[in-house]
Amino acid sequence: MFAAIKRHCQQILGGMPANRLLALDALRGLTITAMILVNNPGSWSYVYGPLRHAQWHGWTVTDLIFPFFIVIVGMSLQLSLQRQPRLANAEILKQALLRSAKLYGLGLFLVLFYYNFRDPNYSYVEQKIMTIRTLGVLQRIALVYLCTVVIALYCGTRGRVVAILALCGVYLAAMWWWPYYTEQGVRFAGMFEFGNSFAAWLDHTVLGAAHVYYRSATPFAFDPEGLWSTLPAIASCVSGLLIAQWLQTERNLVQKTRGLLLFGVVAVWLAELWHFVLPINKSLWTPSFVALSTGYCALALAACIFLCDMKKYRLWAAPFVVFGANAILFFMLAGVAARLLGMLSVGNSALQSWLFSAVYQPLFGDYNGSLAFALSFLALSYLLMHWCYRRGYVFKV
């Protein structure tokens, strides 16, 4: 059995170009795998602490997953701009705009792909169309990607550093000093509370309470992938450009890895110190969260380079290469499958709830059963994604 698994992994890695940096593919795959794992427990009532987001300020390992993907988008963009034939900036921007529009559309599709068949009074128009959530994970990636392409095309290294500082500086200036008011005329400024911040006020005012994730937050409904927090999210992506630039230098792998380690340690250390003044918060995507998540992403990339490209311990990365090669397709199919599990019924229960209570909970218990369900979801997903990988099918947006 182990010999068969080894051959399977060798076949996956054998098809990769010899000069390709495996570490980035492995990290991308690890990130999207972790994202699907935490999004699909057997029951949201039984989830281990590290697999949950922080309640508000602070962070867990789960909070690092999405910013890792954002940083990797920046790294991939920088590497792709260097590999592809030189196109006019206008052509690159046209392609980026089209890709962003497709990503945004896919995000809206996932929002709308649900129907509650168990409720005879369910109104799809009223409860989905009229209250559509306009922002989300794919929508944020779309907006961040488009803005980062502009910065990548028109800014050199110094300009990119300035862009990161400017994005975070403008974000903080409004968060700290811009006054905003409730409908009753109560004035606020400098708040970083759940439902009470400049970012929350902007989402509530521009998007409307019916079109955000936290609709019941008070005094302002807001979205964790909201408008104002997109600015520092762009800064996270631009940091990926700079990390990729470092990887493209003439230094050897040892020097590059040491540089990533140094940057990662310093960034995390500064973020934790900054937390005493500016809280680390994923939903607000505070600049301290940018520093923390980018630092840990650099450390994770350094570890992958050490294992995959320096020590040549590569077999472990094969499944993640499969997932990472088709990350958007994996995310989409997982989202559709998760929604189908909630839409299909067994008796009066959703299929997912029935599977958990009838199979996983009796076999493994509450928390382990919920985790086992998520791992089973990943295992079945792997069969489909490996089928796509073997046939060379890559979903390009």
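Residues numbered from 1 in each chain as written. Predicted model: local features only at pLDDT ≥ 70, side-chain atom pairs only at ≥ 80, totals over all residues. Heavy atoms only, no water.

Engineer: What am I meant to see in the overall build of the protein here?
Structural biologist: Tallying secondary structure elements over the protein gives 15 helices and 6 strands in all. Computed over C-alpha atoms, the radius of gyration of the protein comes to 22 Å, within 12% of the 21 Å expected from 2.2 N^0.38 for 397 residues, which places it in the range of a compact globule. By principal-axis analysis of the C-alpha atoms, the protein measures approximately 60 × 55 × 40 Å. The 397 residues of the protein split such that 49% are buried. Contacts in the protein between residues far apart in sequence, at least 24 positions, make up 73% of those at least 6 positions apart. Looking at the protein as shown, the accessible area adds up to about 19,400 Å², and 65% of this sits on carbon and sulfur atoms. (Helix = DSSP H or I, 4+ residues; strand = E, 2+ residues; numbered from the N terminus. Rg over C-alpha atoms; globule rule 2.2 N^0.38 Å. Buried < 20%, exposed > 50% of the residue type's maximum accessible area, 1.4 Å probe, protein only. Contact = heavy atoms within 4.5 Å. Areas by Shrake-Rupley, 256 points an atom, 1.4 Å probe, with all protein chains shown as cover.)

Engineer: I keep staring at helix 9 (residues 230-247) and nothing clicks. Help me out?
Structural biologist: Since the α-helix packs 3.6 residues into each turn, any two residues three or four apart lie on the same face. Counted at 1.5 Å a residue, the expected span for helix 9 with its 18 residues is 26 Å, and the 26 Å between its end C-alpha atoms agrees. Buried residues dominate helix 9, accounting for 15 of its 18 residues. (Expected span 1.5 Å × (residues − 1).)

Engineer: What am I meant to see in the nonpolar core here?
Structural biologist: Judged by nonpolar contacts, the single largest core of 105 residues is most densely connected at M75, L138, W228 and L301. Dropping the residues within four chain positions of it, M75 is found in contact with L24, G240, L241, I243, A244, C297 and L301. Residues L22, A26, A317 and V321 belong to the second largest nonpolar core, which totals 5 residues. (Core = buried A, V, L, I, M, F, W, Y, C linked by side-chain atoms within 4.5 Å.)

Engineer: Help me out: how do you make sense of the packing of helix 4 (residues 89-112) against helix 13 (residues 327-343) in this one?
Structural biologist: Pairs of packed helices are described in terms of their axes, by the angle between the two and the distance that separates them. Contact geometry of helix 4 with helix 13 gives a least axis separation of 10 Å together with a crossing angle of 15°. As far as their axial angle goes, helix 13 and helix 4 are roughly parallel. Pair helix 4 / helix 13 crosses with left-handed handedness. Contact residues: L103, L106, F109 and L110 in helix 4; I328, F331, M332, G335, V336 and R339 in helix 13. Looking at the contact of helix 4 with helix 13 residue by residue, the class counts come to 8 nonpolar, 1 polar and 1 charged. (Axes fitted to C-alpha atoms, helices over the stretch in contact; angles between N-to-C directions. Parallel < 35°, antiparallel > 145°, perpendicular 65-115°, else oblique. Left-handed = near helix turned anticlockwise from the far one by under 90°. Nonpolar A, V, L, I, M, F, W, Y, C, P; charged D, E, K, R; others polar.)

Engineer: Sorry if this is basic, but what is going on with the packing of helix 9 against helix 11 (residues 287-310) here?
Structural biologist: The contact between helix 9 and helix 11 brings their axes to 10 Å, and the two run at 30°. By the angle class used here, helix 9 and helix 11 are roughly parallel. Seen along the crossing, helix 9 lies across helix 11 with a hand that is right-handed. Note on element contacts: helix 11 touches helix 9 through V290, T294, A298, L301 and I305, opposite P232, S236, S239, I243 and L247. Within the contact of helix 9 with helix 11, the residues separate by chemical class into 7 nonpolar, 3 polar and no charged.

Engineer: Just checking my understanding: could you explain the packing of aromatic side chains for this structure?
Structural biologist: How two aromatic rings sit relative to each other is set out by the distance from centre to centre and by the angle between their planes. Applying the stated criterion across every chain yields a total of 29 aromatic pairs. Relative to Y122, the ring of Y114 has its centre 6.4 Å away and its plane inclined at 85°; by these criteria the two rings are edge-to-face. A relative accessible area of 9% means that Y122 is categorised as buried. For the ring pair Y115 and Y122, a centre distance of 4.9 Å and an interplane angle of 75° mean the geometry is edge-to-face. Linked through ring pairs, W178, Y180, F188, F198, W201, F220 and W228 together constitute an aromatic cluster. Above the plane of the ring of Y145 lies R99, whose end atom (NZ or CZ) is 5.0 Å from the centre. (Phe/Tyr/Trp six-rings, centres within 6.5 Å; stacked < 30°, edge-to-face > 60°. Lys NZ or Arg CZ within 6 Å of the ring centre and 35° of its normal.)

Engineer: Sorry if this is basic, but what is going on with the environment of T31 here?
Structural biologist: On the secondary structure map, T31 appears in helix 2 (residues 22-39). Judged by its relative accessible area of 5%, T31 is buried. For the pair T31 and L64, spaced 33 residues apart in sequence, the C-alpha separation works out to 9.1 Å. With residues near it in sequence (within four places) discarded, T31 still touches I65, F68, F69 and I72.

Engineer: Could you clarify how one ought to interpret empty space enclosed by the protein in this entry?
Structural biologist: A water-sized probe rolled over the atoms picks out the places where empty space is left. Evaluation of the coordinates by the stated rule reveals 3 cavities of 30 Å³ or more. Space inside the largest cavity adds up to approximately 80 Å³. Every residue along the wall of the largest cavity is listed here: L37, V38, N40, P41, Y46, V47, Y48, L51, Y367, S370, L371 and A374. Those elements that place two or more of their residues in the lining of the largest cavity are helix 2 and helix 15 (366-390). The element best represented in the lining of the largest cavity is helix 15, accounting for 4 residues. In terms of residue class, the lining of the largest cavity is built from 10 nonpolar, 2 polar and no charged. Each pocket or cavity is described by its volume, and for the second largest cavity that value is around 40 Å³. A199, A200, D203, F222, D223, G226, L227, W228, S229, S283 and L284 together form the lining of the second largest cavity. Tallied by class, the residues present in the lining of the second largest cavity amount to 6 nonpolar, 3 polar and 2 charged. (1 Å grid on protein atoms, 1.4 Å probe; cavity = no way out; pocket = protein on both sides within 12 Å on 5 of 7 lines; lining within 4 Å. Points joined across faces, edges and corners; volume = space filled by probe spheres on them.)

Engineer: Just to check I follow, could you spell out the pattern of salt bridges for this structure?
Structural biologist: When the charged atoms of two side chains with opposite charge come close together, those side chains can pair. For the structure on display, the rule yields 5 salt bridges. A salt bridge links E225 to R133; its shortest N-O distance comes to 2.7 Å. Of this pair, E225 sits in the loop between helix 8 (198-207) and helix 9 while R133 sits in the loop between helix 5 (124-129) and helix 6 (137-154), and the two are 92 residues apart along the sequence. By relative accessible area, which is 7% here, E225 ends up buried. (Salt bridge = Lys/Arg side-chain N within 4 Å of Asp/Glu carboxyl O.)

Engineer: Would you mind going over helix 4 with me for this structure?
Structural biologist: With 24 residues, helix 4 should reach 34 Å at 1.5 Å per residue; the first-to-last C-alpha distance of 34 Å fits that figure. Those residues of helix 4 not exposed but buried are I92, A96, S100, L103, L106, G107, L110 and V111. Looking at the buried side of helix 4, the elements it contacts are helix 3 (65-83), helix 5, helix 6 and helix 13.

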